[in-house]
Amino acid sequence: MTEPPGRRERKKAATRQKIADAALRLFLERGYDAVGIREVAAEADVAVTTLFSHFASKEALVFEQDEDFEQRLTRAVTGRAPHEPLIPALRREIQAMVRHCTAPGGATIWRMIDGSPALRKYEESMRLRHAETLATAIAAGPGLSRGTTASRTIARFVVDAHALAREAADPDGAVDEIFRMIEAAWEVTRPARPA
């Protein structure tokens, strides 16, 4: 059982959320490129140094749930029940994430990201990092017995499934379709049983 966060952790989380909310509000009102870090800090009523203690870059302000996304993918591998198949666990997590991103208001944010070369580049590097973290979890997962290449490939497919489904006209249908292909690829990598 995890302990609830202490006062200090709650205060840090509240400050981080206040900064992220202020940044998103300004970015959506005026455009990502038209807003500077100092303006975000002023809007959130924090010092620029405080902003940078919570976010490494301006781009990170837009992807404030980056770390949570990465942890959720890892937990889908490491936290699944013994003998629970991997791919359905990952599919459920991606489905939940896609639904979150396609909820009302999400399309506006993704249009902003798509319209900014800096944000697209940041998102791509973030997806590569998420895929590497997920691949490490898959390779280390008990009973999964797949090699590094197979683990990295499946991880890339899973992370890309999020982006592809998020952009689809029917996100739920896209998740289903993509994960049928991922399941088939996963099965192909199953080690041969001795004769």
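Residues numbered from 1 in each chain as written. Predicted model: local features only at pLDDT ≥ 70, side-chain atom pairs only at ≥ 80, totals over all residues. Heavy atoms only, no water.

Considering the overall build of the protein
A tally of regular secondary structure across the protein gives ten helices and zero strands. Secondary structure of the protein in N-to-C order comes out as α-α-α-α-α-α-α-α-α-α. About 11400 Å² of surface is accessible on the protein, with carbon and sulfur atoms providing 55% of the total. If you average the places of the 29 positive and of the 28 negative side-chain charges in the protein, the two averages end up 3 Å apart. (Helix = DSSP H or I, 4+ residues; strand = E, 2+ residues; numbered from the N terminus. Areas by Shrake-Rupley, 256 points an atom, 1.4 Å probe, with all protein chains shown as cover. Lys, Arg positive; Asp, Glu negative; His and termini not counted. Charge placed at Lys NZ, Arg CZ, Asp CG, Glu CD.)

Digging into helix α6 (residues 86-101)
The periodicity of an α-helix, 3.6 residues per turn, causes residues three or four places apart in sequence to face the same way. Over its 16 residues, α6 runs 23 Å from end to end, which matches the ideal 22 Å to within 8%, given 1.5 Å per residue. Residues of α6 that are buried: L86, I87, A89, L90, E93, I94, Q95, M97, V98 and C101. On its buried side, α6 packs onto α5 (66-78), α7 (106-114), α8 (117-140), α9 (148-167) and α10 (171-188). (Expected span 1.5 Å × (residues − 1). Buried < 20%, exposed > 50% of the residue type's maximum accessible area, 1.4 Å probe, protein only. Contact = heavy atoms within 4.5 Å.)

Notes on the pattern of salt bridges
This model, assessed by the stated rule, comprises 14 salt bridges. A salt bridge links R166 to E167; its shortest N-O distance comes to 3.4 Å. Using a relative accessible area of 52% as the deciding quantity, one classes E167 as exposed. Residues participating in the shared-partner salt-bridge network are E123, E124, R127, D160, R166 and E167. (Salt bridge = Lys/Arg side-chain N within 4 Å of Asp/Glu carboxyl O.)

Describing the packing of aromatic side chains
Using the criterion set out here, one finds three aromatic pairs in the structure. With a centroid separation of 4.9 Å and 65 degrees between ring planes, the pair formed by F27 and Y32 is classed as edge-to-face. Relative accessible area serves as the criterion here: at 2%, F27 is assigned to the buried category. Seen from the ring of Y32, K58 lies directly overhead, with NZ or CZ sitting 4.3 Å from the centre. One cation-aromatic arrangement involves R166 over W110; the distance from NZ or CZ to the ring centre is 3.4 Å. (Phe/Tyr/Trp six-rings, centres within 6.5 Å; stacked < 30°, edge-to-face > 60°. Lys NZ or Arg CZ within 6 Å of the ring centre and 35° of its normal.)

Notes on unusual backbone geometry
Residues other than glycine seldom take positive phi values, yet D45 does so here, at roughly 60 degrees. Here D45 is to be found in the loop between α2 (37-44) and α3 (48-54).

Topic: the confidence of the model for the protein
Residue-level pLDDT values for the protein average 89, and 94% of them are 70 or greater. Confidence, read as mean pLDDT per element, is least for α7 in the protein (85) and greatest for α2 (96). (pLDDT = per-residue confidence, 0-100.)

Description of the side chain of H162
Structurally, H162 is set in helix α9. By relative accessible area, which is 7% here, H162 ends up buried. Leaving out residues up to four positions away in the same chain, H162 has contacts with F69, I94, M97, V98 and C101.

A closer look at α7
Turning to α7, its buried residues number three or more, namely G106, W110, M112 and I113. The buried residues of α7 occupy an angular sector of 155 degrees when projected down its axis, which confines them to one face. Buried residues belonging to α7 abut α1 (7-30), α4 (58-62), α6, α8 and α9. (Arc of directions from axis to C-beta.)

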